[in-house]
Every structure is written in C-alpha cells, then in structure tokens.
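Architecture and fold: a report
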Amino acid sequence: MGNPTDDQGESGSVDFVRQKVEADNETGKFDQRVVTRFPPEPNGFLHIGHAKSICLNFGIAEEYGGVCHLRMDDTDPTKEDVDFVEAIQQDITWLGFRWHGDVRYASDYFEQLYEWAVQLINSGKAYVDSQSIEEIRRNRGTSAEVGVESPFRDRSVEENLDLFQKMRAGEFGDGEHVLRARIDMASPHLIMRDPIMYRIRHAHHYRQGDDWCLYPMYDFTHGQSDSIEGVTHSICTLEFENNRRLYDWYIEQLGIYAPEQTEFARLNLTHTVMSKRRLLQMVNDGMVVGWDDPRMPTIRGLRRRGYTPEAIREFCSRIGVTKFDGVTEIALLEHCLREDLNRTSERRMAVLRPLKVVIENFPEGQVEELEAINNPEDESAGTRNVPFSRELYIERDDFMEDPPKKFFRLAPGREVRFRYAFFVTCNDVIKDESGEVIELRCSYDPETRGGSAPDGRKVKSTIHWVSAAHAVRAEVRLYDHLFSEPDPSVIARDDDWVQHLNPNALETLEECCLERSLGEATDGQRFQFERLGYFCVDQDSHPETLVFNRTVTLRDQWAKLQKQK
RNA sequence: UGCCCGAUAGUGUAAUGGUAGCACGAGUGACUCUGAAUCACUUAGUCUAGGUUCAAAUCCUAGUCGGGCAACCA
C-alpha cells in the first residue's frame with residue numbers, strides 16, 4: 001500500500017478528488033474500499049489528455065491501497081474495433097500502469113443490462129417509443145420550452161415487454177423503435193426528458209458478433225457497469241456533470257449498489273488539439289503520417305517523439321486536478337521532459353548542418369582519441385572516446401563571419417574550445433562563387449589537449465564538432481509544436497483551422513554528421529546531442545540509414561536573445 | 001429563455017474563516033569545457049457589488065464573464 005503523503009510535496013495538500021476519497025474512507029462510506037476505473041471507448045487512440053485521467057484513476061487506486069479496472073466502454077458497434085483495444089492496453093502499459101484483473105468490457109454486461117431494462121419496464125419506468133428520430137428530437141423541446149410526451153408513452157407493461165423482446169429478436173429495422181426511460185418530459189434538465197436507453201442497430205459488434213441488434217446507450221450502461229464492478233469512485237470529465245443526475249437515477253430505480261461519480265476538468269494544452277475529430281482528420285488528410293506521428297499528442301506519437309513515461313506522469317502530477325476548465329502551457333510538459341531527459345540521457349556530439357573545418361597545423365592522417373563524459377548528471381554512465389582529426393565538421397550556426405556583439409562562438413581570428421578537444425582559432429574563410437561560406441581554415445593549439453590552456457587563457461565558448469572521416473551520416477527530423485496558434489479553442493472552433501498548423505512542425509535534415517559512437521544506435525534509444533537538444537532513434541531507422549527525431553530542444557539563451565530583436 | 005458547473009500572478013495550482021504560497025514562463029545576475037544543467041534575485045494575483053464575522057480567496061445574496069447540456073455518440 002502506498003502512502004499518499006509521500007507524493008504531496010511540501011504543501012501537504014491533495015486535490016479535491018483525493019480529498020473526497022479520504023473523506024469517504026474516514027466515514028466508511030465504501031468500507032474503506034477504493035475501486036476506480038479507466039473507461040475508454042475503443043474507437044481511437046489515447047492521447048495526453050487520457051494520460052491525465054489514467055494517472056488520476058490508477059494513481060488514486062495505488063495511493064489508497066485500492067485497485068483500478070480497465071474497462072472498454074463499447075456500446076456502439078459502429079465505431080469500435082479490437083485494434084483500438086490492443087492499442088489502448090499497450091499505451092497504458094507503456095505509461096507504467098497495470099489494471100486489476102482482466103480487461104473488462106461493458107459489452108460483457110449486455111445480458112444483465114437487458115434484464116435491468118425489463119425490470120424498469122415492469123415497474124413502469126421504461127417504455128418502447130415508436131416515434132421517428134425526428135419526432136423524438138422535436139418533441140424533446142428546448143431549454144426554453146418543455147418537451148411533448150410521446151403518444152406511445154402510456155403503453156401497457158405487457159405491450160412494452162412484448163415489443164422490447166421483439167426488438168431484441170431482430171423483428172424490427174434500425175430506428176423503428178427505441179426504449180426510453182419514463183421520467184419527465186417537462187424536466188428543466190434536458191437529460192431527464194425520457195432519455196433513450198436502447199436503440200436498434202443491426203450491426204456487427206467486434207466482440208459480441210451478431211448476438212445483439214439492440215444496443216444500450218452510454219447512460220444506461222456506464223453507471224451500472226461501475227455498479228457491477230463495485231467501483232467506489234467513478235471519476236470522469238466535466239462534460240458528464242449533467243449526466244450524473246441520470247447516472248444516479250438508473251442506479252436508484254434499479255436498487256443496486258451505488259458508486260459515486262466525480263467530475264474533473266479534462267486537459268487542454270497550448271499549441272495542440274485533443275479532439276478526436278481533428279486528430280482523425282489530420283491523419284486522414286495526410287497532414288501527419290499517422291496516429292504515431294511524433295507531432296501528434298497521442299501517447300504513441302509522444303512515445304515515438306522520444307517522451308518518457310516518467311516525464312508524462314510527472315507532468316500529470318504537476319498540473320493538478322480541479323474543476324476549472326483551463327489551458328495548460330505546453331512549456332510545462334516540455335520542462336518535465338527536459339528534467340527527466342537531462343538526468344537520464346547520455347550525451348553525444350552531432351552536427352546537424354555541417355560546415356567543414358580544416359585544422360591546418362594538424363598532421364594529415366593522424367587521429368587523436370579524446371575522452372568524453374557520457375552523462376555529467378550520472379557518473380556511472382562513464383566515458384567514451386571521440387576521434388579528432390585534421391578535417392572536422394562544426395555547426396553552421398556556430399560560425400559567423402561578421403559576428404554581432406553577444407555572439408561568442410567561432411569567427412575570423414577568434415579562438416574557441418572544441419568540446420573535449422583543443423582550442424581552435426579560425427584563420428581563413430573560404431567561400432563559393434555565390435559568396436557562401438563553405439570551409440574554415442583553422443589552427444589548433446596542441447597544448448590545450450583536453451580543453452584547458454596551461455597558460456591559463458580563457459575562451460568565450462565551447463562548440464561541438466565531429467571528425468569528418470569518422471562521421472556517421474544520418475537523417476534528423478526536427479519537430480516543433482503542431483500548431484503555431486497557442487489557444488486550442490481557436491483551432492477547435494475555426495472552420496479554417498488548418499491555417500493554424502505550424503508549417504515548421506517538421507523539418508527534415510538529410511546530411512547530418514554524428515560522432516562515431518552513434519553508429520550502433522537502435523530504435524528508441526535517447527541521447528542528448530550536446531548544445532542542441534534531446535534526440536531519439538526513430539522506428540524508420542536502419543543500420544545503413546540512421547534516422548533520429550528531435551524530442552525537444554535544449555533551453556537556448558542565444559536563440560532567445562535573437563528572438564528579442 | 002431553462003438547468004448544471006466554474007472564476008486566485010501571463011499559465012497551471014495551494015491556502016478549506018486567521019501571514020495569499022508553490023511551479024512553469026518571463027527578466028536579471030552568479031557559475032560553467034553544453035549560451036545546457038545548477039544557484040540567487042526580480043516580476044506579477046483573490047471577477048464585481050453588497051452582506052455575515054473581531055477576521056472572508058474561503059460562508060451568504062446578486063451580478064459579470066467563461067464552460068457544458070437539446071446524437072438512436074461516449
């Protein structure tokens with residue numbers, strides 16, 4: 001059993017959902033049981049917003065000595081698929097959580113649900129309505145006017161039973177009848193105006209096959225499923241607040257065990273969207289390469305991008321849980337990512353946009369092996385050797401022919417340190433016909449081997465480099481925010497939302513030069529490319545053609561300075 | 001027009017009738033063989049108006065603003 005106080009930080013405070021759990025444990029409302037559940041509909045892939053819910057539900061169970069179920073909310077046969085069931089399990093497992101017992105399915109409760117529906121018919125609380133969809137919709141009324149009762153509302157119990165049985169038996173076509181709860185067509189709560197419990201759908205269910213042509217609605221399924229599983233705290237997002245009234249009504253009418261529904265605000269993140277519809281459209285229209293595109297906020301997208309489960313969980317714990325529907329800055333997610341990656345990633349040198357450097361006073365054919373630290377944050381990561389030779393590559397951005405004031409890197413006549421190697425001075429600049437700098441002629445000081453000068457002289461900066469002869473070529477994909485527009489609600493509302501897509505969300509660099517040791521990097525491995533950012537090996541990578549994804553850049557004072565101008 | 005929910009620095013949150021804190025961001029500086037990391041400092045807040053109280057971010061009333069509800073979706 002976990003101790004909740006371990007995770008509460010210095011404030012010692014917990015969110016309102018945990019407070020409720022603690023209060024219930026104190027009063028013994030659920031006999032000290034804590035059972036939560038994560039109930040996705042298997043009709044899409046999980047995203048970072050789901051991660052918040054997963055961390056909440058699994059986290060609470062863990063912290064209070066309870067259990068968390070994984071239940072597929074699969075009551076709409078036209079949308080759900082076994083592939084999603086698979087993917088959902090993979091993603092939750094990758095995030096680091098284990099559900100209690102087997103995966104559960106709302107569709108496994110169909111028979112019980114049917115019996116309960118019959119029970120409600122018998123008690124006069126449900127009836128078969130034979131109005132058309134349009135009539136039902138029209139007669140529901142609006143917020144301003146009450147609804148109109150269906151002419152079929154007062155059918156006898158016998159007739160309802162007979163009709164409902166025939167509905168199940170497949171004697172009617174889609175849409176001919178529905179089963180409705182008999183509540184109050186004049187209720188100020190729209191959801192209580194005789195909500196639909198069952199609809200006819202002659203459709204193949206990915207699990208139940210063709211056993212059913214009658215499918216229960218979410219509201220007639222969710223609460224009872226929670227009840228069957230003995231869930232204590234049914235935690236869901238804000239948009240179900242209105243549904244709680246119905247949730248409780250069904251449970252009460254049925255006289256079954258009552259879980260307690262609590263709603264919290266779903267996660268919104270700047271510079272991205274969480275809506276299934278938008279995400280699907282981006283995949284379908286080829287704006288991204290798939291659900292696992294590293295630009296996507298999906299769990300698989302983030303995973304491929306190089307995010308760690310630890311970073312995502314830390315993020316979820318830091319954003320807190322409230323009922324306020326706000327927007328969290330993606331900078332916080334990135335902060336959590338960097339924090340984790342800084343601690344765990346080995347450092348390497350990689351030159352993304354190579355500029356050739358020739359060390360004129362370094363003997364041709366000679367190679368110096370220099371020792372480099374793998375991870376300054378973790379001594380146990382050890383060291384490695386990097387080869388230094390006469391011809392090297394440095395980052396184009398690390399040289400300026402006519403440097404502005406605060407530019408500390410290489411420039412004509414200037415001396416800088418080559419990381420883990422020597423002090424190097426730029427003597428000459430070679431350009432092509434168009435005037436572009438294509439090569440630097442430099443000299444090195446052999447006395448500075450290892451990076452410091454015996455005479456104590458200092459340099460303003462240290463830059464990374466790669467030995468040309470030993471360089472491993474690679475493709476590097478630079479990722480950035482999916483949308484240039486920070487506010488996701490603008491993207492969600494705007495019909496022309498595609499204009500907000502960030503055209504620079506992906507930039508592919510083909511001829512990058514990596515240090516020798518990166519030659520054996522394999523799928524999923526993460527590194528910090530010094531001074532650039534965190535990168536991971538993409539699944540497209542092969543030993544012949546390495547492919548790296550930029551997970552996130554390092555914080556960059558220089559870039560910030562330039563932006564200010 | 002009805003019903004439900006919400007509102008604390010730029011952003012996310014804490015304070016549960018008794019000193020408005022924290023984190024991210026932003027800014028400044030120190031340090032540095034990563035313009036990283038680290039460290040220090042600065043920045044900036046209780047939606048409005050009444051009421052209850054010795055005392056209100058917190059309780060009450062009204063208003064304002066924001067979100068949600070009228071799929072045979074979940």
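Attention in this report is confined to the structure presented alongside it.

Rules behind the numbers
Residues numbered from 1 in each chain as written. Chains lettered and ligands numbered in written order. Predicted model: local features only at pLDDT ≥ 70, side-chain atom pairs only at ≥ 80, totals over all residues. Heavy atoms only, no water. Pairing = 2+ DSSP bridges. Helix = DSSP H or I, 4+ residues; strand = E, 2+ residues; numbered from the N terminus. Contact = heavy atoms within 4.5 Å. Axes fitted to C-alpha atoms, helices over the stretch in contact; angles between N-to-C directions. Buried < 20%, exposed > 50% of the residue type's maximum accessible area, 1.4 Å probe, protein only. Phe/Tyr/Trp six-rings, centres within 6.5 Å; stacked < 30°, edge-to-face > 60°.

What follows is about the sheet that holds strand β2 (residues 67-72). Sheets are built from strands paired through backbone hydrogen bonds, the pairs being either parallel or antiparallel. Here we have 3 strands laid out as an open sheet, ordered β1-β2-β3, and parallel in their pairing. The sheet is open, and its two edges are formed by β1 (35-38) and β3 (104-105), each paired on a single side. Taken together, the 2 bridges between β2 and β3 define a ladder with parallel strand orientation. Residue pairing in the sheet places methionine 72 in a bridge with tyrosine 105 of β3. Lying over the sheet, helix α2 (residues 48-63) contacts β1 and β2, oriented at roughly 160 degrees with respect to β1. Contacts between helix α3 (residues 82-95) and the sheet are confined to β1, β2 and β3, with β2 contributing the most and set at about 155 degrees to the helix.

So, on to unusual backbone geometry. We note that aspartate 31 has phi near 55 degrees; this positive angle belongs to a residue other than glycine. Within the secondary structure, aspartate 31 sits in the loop between α1 (16-27) and β1. On the basis of relative accessible area, aspartate 31 is assigned to the exposed category, the value being 59%.

Judged by pairing direction, the sheet is mixed, and its 7 strands sit side by side in the order β10-β23-β24-β25-β21-β22-β11 without closing on themselves. The open sheet terminates on both sides in strands that have one partner only, identified here as β10 (346-348) and β11 (350-351). Bridge analysis of strand β21 (residues 472-479) against strand β25 (residues 546-553) gives 4 bridges, and the strand direction is parallel. The partner of arginine 477 across the bridge, within β25, is asparagine 549. Contacts from helix α12 (residues 330-344) reach β10, β23 (526-529), β24 (533-537) and β25 within the one sheet, and its direction differs from that of β25 by about 120 degrees.

Turning our attention to the packing of aromatic side chains. In this structure the tally under the stated criterion is 24 aromatic pairs. Ring geometry for tyrosine 114 against phenylalanine 164: centres 4.8 Å apart, planes inclined by 10 degrees, an arrangement best described as stacked. On the criterion of sequence distance, the pair formed by tyrosine 114 in helix α4 (residues 110-122) and phenylalanine 164 in helix α6 (residues 157-169) is long-range, its members being 50 residues apart. Among the aromatic residues, those joined into a ring-pair cluster are Phe110, Tyr114, Phe164, Tyr198, Trp212, Tyr215, Phe220, Trp249 and Tyr250.

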